[in-house]
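The chain contents come next:
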Amino acid sequence: MAKQPKRIQAWTGDREALLPLAEAVAMVKANAKAKFDESIEIAVNLGVDPRHADQQVRGVVNLPSGTGRDVRVAVFAKDAKAAEATAAGAEYVGAEDLFEKINGGFTDFDRVIATPDMMGLVGRLGKVLGPRGLMPNPKVGTVTPNVGQAVKDAKGGAVEFRVEKAGIIHAGIGKASFTQDAIEANVKAMVDALIKAKPSGAKGQFVKRISLSSTMGPGVKVDLESVGA
């Protein structure tokens with residue numbers, strides 16, 4: 001049998017146990033031993049079949065402790081709305097000029113926001129933005145006349161979520177350097193947002209399993225009752 005890498009041998013705790021949230025977070029932080037500030041991620045298995053239109057789960061949550069990431073925002077807007085987006089801190093703001101830049105292969109951004117009147121233009125970038133999950137959508141607040149607030153939300157901790165084909169939600173909820181309380185608050189906010197986004201077609205148990213992990217660490221199972229799921 002091949003010998004396990006030292007970083008795996010150094011992992012502590014029972015990774016098969018179902019732990020209360022506080023213990024799960026503590027274990028994830030203890031096993032985040034990389035030389036960089038590891039990201040903390042949540043994986044939630046939902047009782048839905050995304051192949052059905054009435055079982056789609058999609059939304060946005062404002063994490064109270066932020067994400068710890070430097071989110072780069074591109075905004076499609078003109079005139080006063082463009083100025084509003086720039087003042088709010090958007091890295092890239094434009095209309096036809098931004099369209100040409102992105103259509104030419106530029107993808108150095110993490111979120112795309114657009115005013116409603118720009119969606120005719122933005123829609124033509126579907127093949128570029130769609131596969132990366134960046135197409136603006138009014139359901140998650142990225143198509144809005146209030147671009148200034150949308151930019152501030154994106155940079156302040158707003159996280160979009162969308163169920164994958166296997167019925168799982170993956171999302172980043174912070175960094176290993178965050179305090180225990182900060183990570184717990186973000187986990188609870190994410191779970192609350194998912195429960196509120198429960199689709200009409202979902203039957204039976206909605207939240208089935210929750211696990212937390214760091215970039216280089218093991219997955220840790222979370223007791224559903226400890227997060228109100």
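Our subject is the structure that appears above.
The following refers to the structure shown. Since we're looking at a predicted model, the values are computed, not measured.

Parameters and conventions
Residues numbered from 1 in each chain as written. Predicted model: local features only at pLDDT ≥ 70, side-chain atom pairs only at ≥ 80, totals over all residues. Heavy atoms only, no water. Buried < 20%, exposed > 50% of the residue type's maximum accessible area, 1.4 Å probe, protein only. Helix = DSSP H or I, 4+ residues; strand = E, 2+ residues; numbered from the N terminus. Arc of directions from axis to C-beta. Contact = heavy atoms within 4.5 Å. Pairing = 2+ DSSP bridges. Axes fitted to C-alpha atoms, helices over the stretch in contact; angles between N-to-C directions.

### Topic: helix 7 (residues 147-156)
Residues lying three or four places apart along an α-helix face the same way, a consequence of the helix completing one turn every 3.6 residues. Among the residues of helix 7, those classed as buried are Val147, Gly148, Ala150, Val151 and Ala154. On an axial view of helix 7, the arc spanned by its buried residues comes to 165°, and they lie on one face. Lining the buried residues of helix 7 we find strand 4 (73-76), helix 3 (79-88), strand 6 (111-114) and strand 7 (158-162). Once helix 7 ends, the next one or two residues include Gly157, with phi positive near 135°.

### Examining the sheet that holds strand 4
With parallel pairing, the three strands of this open sheet are ordered in space as 5-4-6. Single-partner strands in this sheet number two, and they are strand 5 (92-94) and strand 6. If you compare each strand with its neighbour and ignore which way they point, the axes differ by 15° on average. Judged from the three bridges that link them, strand 4 and strand 5 form a sheet pairing that is parallel. Residue pairing in the sheet places Val75 in a bridge with Val93 of strand 5. The strands that helix 7 touches are strand 4 and strand 6; relative to strand 4, the one it contacts most, it runs at about 165°.

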